[in-house]
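# Observations on the three-dimensional arrangement
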Amino acid sequence: MKMTDYIVSRFIQAIPLLFGLTVIIFVVLMVLPGNPARMIQGVHANPEMTAYLIEKWGLDQPVHIRYVRWLWGVIRLDFGRSLYTNRPVLPTVMSHLANSLVLGVLAVVGGALVAIPIGVISAVKPDSKIDGVSRIAALFGLSMPVFWSGMLMQIFFSVRLGILPVSGMAGTLFTIDRLKSLILPVSAVIIVGAAMDARVLRSSMMEIVNKEFILAARAKGLRMRDVIKDHALPNAILPFFTMVGLHMRMVLGGLVVVESVFSWPGIGLLFYQSIYNRDYPMVQACALVIAAGIFIVNLAVDITYAFLDPRIRFESAEGR
Amino acid sequence: MMGQLRKILAQMAEGFQNFASRRIALLGLCLILVVVVVGVFAPILAPYDPTKLVSTPLLAPSREHLLGTDQLGRDVFSRVVYGARVSLIVGISAQLLSAVIGVPAGLIAGYYGGRVDDVVMRIVDVFMSFPYILLALMIASVLGPGLQNVILALGITGWTTMCRIARVQALSLREGTFVESSRCIGASDLRILAHHILPNSMAPILVVLTLGMATAITGEASLSFLGMGIKPPQPSWGGILAESRGYLFQSTTLPLFPGVAIMVAVLGFNLVGDGLRDALDPRLRRRAL
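Residues numbered from 1 in each chain as written. Chains lettered and ligands numbered in written order. Predicted model: local features only at pLDDT ≥ 70, side-chain atom pairs only at ≥ 80, totals over all residues.

## Quick look at the overall build of chain B
For the record, the criterion: Numbered from the N terminus, helices here are DSSP runs of H or I no shorter than four residues, and strands are runs of E no shorter than two. Residues with at least 20 other C-beta atoms within 10 Å of their own are called buried, those with 12 or fewer are called exposed, and the rest are partly exposed. The C-beta atoms themselves are positioned from the backbone. Contacts here follow a simple rule: the backbone-placed C-beta atoms of the two residues must lie within 7 Å.
A tally of regular secondary structure across chain B gives 14 helices and zero strands. Listing each helix as α and each strand as β along chain B from the N terminus yields α-α-α-α-α-α-α-α-α-α-α-α-α-α. When burial is assessed residue by residue, chain B has 52% of its 289 residues classed as buried. Restricting to contacts in chain B with at least 6 residues of sequence separation, those with at least 24 account for 71%.

## Points about the domain arrangement of chain A
Put simply, an interface is often sized by how much accessible area is lost when its parts join up. Note the threshold: All domain edges in this entry derive from an automatic or database-based domain assignment.
Domain annotation for chain A reports domain 1 (3-75) and domain 2 (94-277). Taken over C-alpha atoms, the centre of domain 1 of chain A sits 34 Å from the centre of domain 2 of chain A.

## A word on the environment of A:S122
Residues and elements named next belong to chain A. For S122, the position within the fold is in helix α5 (residues 89-124). A sequence separation of 13 residues divides S122 from R135, and the C-alpha atoms of the two residues are 8.1 Å apart. Residues contacting S122, with those up to four places away along its chain left out, are I130, D131, S134, R135 and R202.

## Here we look at helix α11 (residues 267-277) of chain A
Spacing of three or four residues puts side chains on the same side of an α-helix, whose turn is 3.6 residues. Residues and elements named next belong to chain A. For α11, the tally of buried residues reaches eight of 11 residues, placing the bulk of the element in the interior. Within α11, the full set of buried residues consists of I267, G268, L269, L270, F271, Y272, S274 and I275. After α11 finishes, the residue R278 shows a positive phi value of roughly 55°.

## Some thoughts on the interface of chain B and chain A
This is how it is decided: Residue type decides the class: Asp, Glu, Lys and Arg count as charged, Ala, Val, Leu, Ile, Met, Phe, Trp, Tyr, Cys and Pro as nonpolar, and the leftover types, Gly among them, as polar.
Opposite the 35 residues of chain B that make contact, chain A presents 39 residues. Secondary structure elements with two or more residues in the side of chain B that touches chain A: α5 (114-128), α6 (132-143), α11 (202-225), α13 (256-280) and α14 (284-288) of chain B. When residues in the side of chain B that touches chain A are grouped by element, the largest group, eight residues, is from α6(B). Class assignment for the residues of the side of chain B that touches chain A results in 23 nonpolar, seven polar and five charged.

## Details of the confidence of the model for chain A
What counts is decided by this rule: pLDDT gives the predictor's per-residue confidence on a scale running from 0 to 100.
Overall, the predicted model of chain A reaches an average pLDDT of 80, with 92% of residues at or above 70. Of all secondary-structure elements in chain A, the lowest mean pLDDT belongs to helix α13 (residues 310-317) of chain A, at 59, while α11(A) reaches the highest, 89.

## Quick word on the environment of A:L59
Here A:L59 shows up in the loop between α3 (47-56) and α4 (63-75). Beyond its immediate stretch of four places on either side in the chain, A:L59 contacts A:A37 and A:I54.

## Notes on the environment of B:V81
All names here are of chain B. Along the chain, V81 turns up in helix α4 (residues 76-112). When the 25 C-beta atoms within 10 Å are taken as the criterion, V81 is described as buried. Through-space distance from the C-alpha of V81 to that of A265 is 12 Å; in sequence the pair is 184 residues apart. Those residues in contact with V81 that lie beyond four places of it in its chain are V38, A42, L45 and A46.

So this is what it looks like as structure tokens:
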């Protein structure tokens, strides 16, 4: 199976997935209580305006008609206008997405830099002190809700020490101020993600270290460090990256919480605020963009994986 | 039937023997026990009504108010104690709901295979392609805040893990000779599923359930933190944290304790879940992740 075929088949597989997701998102939001046409007017709501808005937004149409209409728009990348600001949805979503990407990429890269050494050390010396400490640290990281660790950091670094901003996005891109406002949110995400990734790497390393080719490498007199670096890690790192890709789902889910703790104007915060404002088109667009983002990340990970390990391609050619 | 029962008991006993030998898992069990005791005996342990204003706002911890008071002058200790109840109720109920949806779906998918399996797994894929907390947030916002609705939101979104583990079990168990023999004596599919496959799948389901408790408790805290969970003034750990956000500069102790409580509960269930996994089936490690 050629690489291009593999990529194409993945995209084809994704179509029903995204389609299913549009159904779920639409159905969930359709049963939202509260009439957005009235809520948008606040306390000064009047029946004529409400009736006008209901007609304008097509809220009086049957659900399946509205779904097909919306889907047709989505296919043409027209997500409609925000019910709240009356501005087109897509540019707003994209600018927030960019802010989230900065946060997410830094968190993932930073997380890998933390997780890889910890995972390797605890796999090479299982049940040692380091393994124990890293296991406990990982479990603490896993168990700390991200909003709490975020708040603790705010208290320590912003309130007590006063060296980092409490929240918000300061300055412009590539300035010290922007960098400073990134430190806390990025660290908050890393604490959660890195902990899990380290454990995954440990377990895939553990499997590798017991393999015969590692024993052979040791037997021919290679130093343990070289065996790890040249034989064990390259083999263990592939499943690790797949897991990192899968964890993007959690990182992106966690973004809603992290971004709301730090008032970071990303897609998570937009999603959350739009839910609050009953801004259907915005919520739908955010949800789809997030899902598409997760799909693309997973695809990128899988392509790298398939590129490096041809067995994957053949397996997928034979069916699931 | 007796033989079946004895087998499961033996499996559990052996599992718990290994389990007990793991000190970390025992620590987890202690943490869970603390949370359960606090939750069950909340009315006895809490010195004040968790929703009543009893003192000056934002007091530091003292003898009268062990953990201080919050922004309205309510006793934080009493609120945290009652929060344990909410977390446990939500965790258990949401996981049971997930199991009620996920386990039958998974067993049926794995047992029948083919088209049925494809359909169920595609639905699981759709759910898994989206962060569960975002879906829960959407559902919770649709239903409005409140205990029941949080349980519903977390239960509906959390069934996929359960479904996958049940499917994998059914997939391997259906090839077993005991399934073949009961089919030979004319047992119906339902009987085979309920009496043979389900009991033999209990161990991994139990592991997923325990680990899922940790996820559900975090989920409840997150929803409440975002204002889509437990309705104030009912105390919940996430809610207390959310309320304390506006007072970071006035009181640094206020956000400390509900967070510790969440961590204790989540850590407890994670540790026990991991211990059970290692004890009952080490091969699960990779699959459950």
